[in-house]
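Notes for the structure review
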Amino acid sequence: MFKKDVYIERRNRLKNKLKGGLVLFLGNKESAMNYLDNAYHFRQDSSFLYFFGLDMPNLAGLLDLDSGKEYLFGDDFTIDDIIWMGTQPTMKELSAEIGVENTEPFSQLGNYLRNAINQNRNIHVLPFYRGDTIIQFSNLLEISHNEAENFISIELIKAVVDLRSIKDKYEIEELIKAAAIGYKMHTTAMKMAKPGVYEQEIAGTVEGIALAHGGLLSFPIILSQNGETLHNHDHSNILQEGRLMLTDSGAETTMHYASDNTRTVPVGGKFSQKQKDIYNIVLNTVDHVTSLIKPGIPYRDIHLEAARIIAEGLTNLGIMKGNPKDAVREGAHALFMPHGLGHMMGLDVHDMEGLGEDNVGYDNEIKRSTQFGLSGLRLGRKLQEGFVLTNEPGIYFIPDLINKWETEKINTDFINFDKIKKEYINFGGIRLEDDLLVTENGSQLLGKRIPITVEEVEETMKS
Ligand code: GLY
Ligand code: MN
Ligand code: MN
């Protein structure tokens, strides 16, 4: 945990942004995997962690905006619990660690909330993303599950997004620690990418590195020689010479700050010329994007710049045709990069996505496009100093999508379908992903850069 002043200050800043009523943060509960006592690994709610820091189930935090009082609701462990869990801190000790003055048994929370309702006071909550939280909240207020969403407060969402979007120095230290774990994960995967090895051997080893550093993966690992499937969680293939292995993976630190990197490497350690040609377009795109990142520029505009570089590169190879700028305007490049350039990152790998993607990545000035490809961009708004984001362009040859576009004659002026079908249909996919902090005048890579040039990758794979 951070020092208690960090949490006190965060809560004070939040209270200053809001007008009146109560703010409720329900912490997460254990979630049963196949029976009640065999739970998934516990993951605390990220906004609860941000304001209340306590990484354990069955807690709630309450801020009274009118009196300024702060409460932690939770129950002391009984001796029966302690026999199984070991010695545990009391609720009083826990609330002292985060500078909260008032501690109440969980059974009192419903009374507080219902009293507030009876006095016509507002209760602000963040969006629900777990069914058991909706049930819990509905039970506390004695309302139906459908009524629970009436309490989701856009005022609270906006205030939380404002605060969590700008990373403080303590968070940046954690994000750099997560990056260091990610470095080990990716360089290990590179060294293991030899013909005859099962993808799952590498995936398991990489996940083990995250575990060995005290946290978990920041999301289920994407690792496959079928990298054209964007989120490929099937690791059952045996790696084959001549294929590319795409690994998209990151760790959470013990404090739950994330890393999220992607590297794509040639199985066996040597890129072919054909692979290098596509790889270097993606690499140029990542580097160009990094050079453009600075406060004030909309990430949507940088996404479109990335699209232009990809379209130019593919046009030079004869895979696309026509004017690349026109191709990007029409969305033709999205056949090869059907996803967005990146997203915020912090306590969630897609930071704050539980609060609504558009509430995090867009605003009144910049609205999400509906065009295929650009519509997948999670972060479009103007960048600010202190944002942490990913830069993750890619080029993929997705047979089903290529066939669909060809059959439906989509963007035929810009796509050389014959060449693709003859030469690239089994190419796979390449994505490269770096994590960056937006600084006063530009950006800073989080941690040491994972080998990325053709030479660096080949050198690493040799060792
Ligand atoms: N979680 C996969 C990615 O955004 O890169
Ligand atoms: Mn990723
Ligand atoms: Mn990402």
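Residues numbered from 1 in each chain as written. Chains lettered and ligands numbered in written order. Predicted model: local features only at pLDDT ≥ 70, side-chain atom pairs only at ≥ 80, totals over all residues. Heavy atoms only, no water.

1. A word on the coordination of the manganese ion (ligand 3)
Condition: Only nitrogen, oxygen and sulfur atoms qualify as donors, provided they sit within 2.8 Å of the metal or within 3.2 Å for Na, K and Ca; with water excluded from the atoms, sites may seem incomplete. Every angle between 85 and 135 degrees makes a four-donor site tetrahedral, while opposite donors more than 155 degrees apart, with all other angles between 65 and 115, make a four-donor site square planar and a six-donor site octahedral; other sites are irregular. Strands here are runs of E lasting at least two residues and helices are runs of H or I lasting at least four, both read from the DSSP assignment and numbered beginning at the N terminus. For the exposure calls, accessible area comes from a 1.4 Å probe over protein chains only, and a residue counts as buried if that area is under 20% of its type's maximum, exposed if over 50%, partly exposed in between.
Protein ligation of the manganese ion (ligand 3) involves Asp260 (OD), His343 (NE2), Glu392 (OE) and Glu433 (OE), the donor distances falling in the range 2.1 to 2.2 Å. Considering all six donor atoms around the manganese ion (ligand 3), angles at the metal cover 51 to 158° and the coordination shape is irregular. Between the manganese ion (ligand 3) and the manganese ion (ligand 2) the interatomic distance comes to 3.2 Å, and Asp260 is a ligand of both metals. In this pair, Asp260 is assigned in the loop between strand E9 (244-249) and strand E10 (261-266) and Glu392 in the loop between strand E11 (388-391) and strand E12 (394-396), connecting sequence segments 132 residues apart. For the pair formed by Asp260 and Glu392, the shared burial category is buried.

2. Observations concerning the coordination of the manganese ion (ligand 2)
The coordination sphere of the manganese ion (ligand 2) contains the protein donors Asp248 (OD), Asp248 (OD), Asp260 (OD) and Glu433 (OE), at a distance range of 1.9 to 2.6 Å. Mapped onto the sequence, the residues coordinating the manganese ion (ligand 2) show the spacing D-x11-D-x172-E.

3. Some points on the nonpolar core
What counts, and what does not: We call a set of buried Ala, Val, Leu, Ile, Met, Phe, Trp, Tyr and Cys residues a nonpolar core when their side-chain atoms join them within 4.5 Å. Contacts are assigned to residue pairs that have any heavy atoms within 4.5 Å of one another.
Leu14, Phe25, Phe336 and Phe397 are the most contacted members of the largest nonpolar core, which totals 124 residues. If we skip the residues at most four places from it in the chain, Phe336 touches Leu314, Ile319, Met320, Gly394, Ile395, Tyr396, Phe397, Ile415 and Ile420. The next biggest cluster of nonpolar side chains, apart from the first, holds 19 residues, and it includes Ala60, Leu62, Phe128 and Leu140.

4. Digging into the sheet that holds strand E8 (residues 222-224)
Note the threshold: Two strands pair if DSSP finds at least two bridges between them. Lines fitted to C-alpha atoms define the axes here, with helix axes fitted over just the stretch in contact, and angles between the N-to-C directions of these axes take values from 0 to 180 degrees.
Ordered in space as E8-E9-E10, the three strands form an open sheet in which the pairing is antiparallel. The sheet terminates laterally at E8 and E10, the two strands that pair on one side only. Each strand of the sheet is rotated relative to its neighbour by a mean of 10°, with strand direction disregarded. Examined bridge by bridge, E9 and E10 share six bridges and lie antiparallel to one another. Its bridge partner lying in E10, Asp248 is registered against Thr262.

5. Thoughts on the sheet that holds strand E6 (residues 102-104)
Strand order in the open sheet formed by five strands is E6-E5-E4-E1-E7, with mixed pairing between adjacent strands. One side of each edge strand has no neighbouring strand; the edge strands of this open sheet are E6 and strand E7 (123-124). In this sheet, E6 lies alongside strand E5 (residues 70-73) in parallel orientation, the contact comprising three bridges. Bridge pairing links Tyr71 to Asn102 in E6. Its contacts with the sheet put helix H5 (residues 109-118) on strand E1 (22-26), strand E4 (60-64), E5, E6 and E7, and the angle it makes with E1 is roughly 150°. Its contacts with the sheet put helix H6 (residues 131-141) on E1 and E7, and the angle it makes with E1 is roughly 140°.

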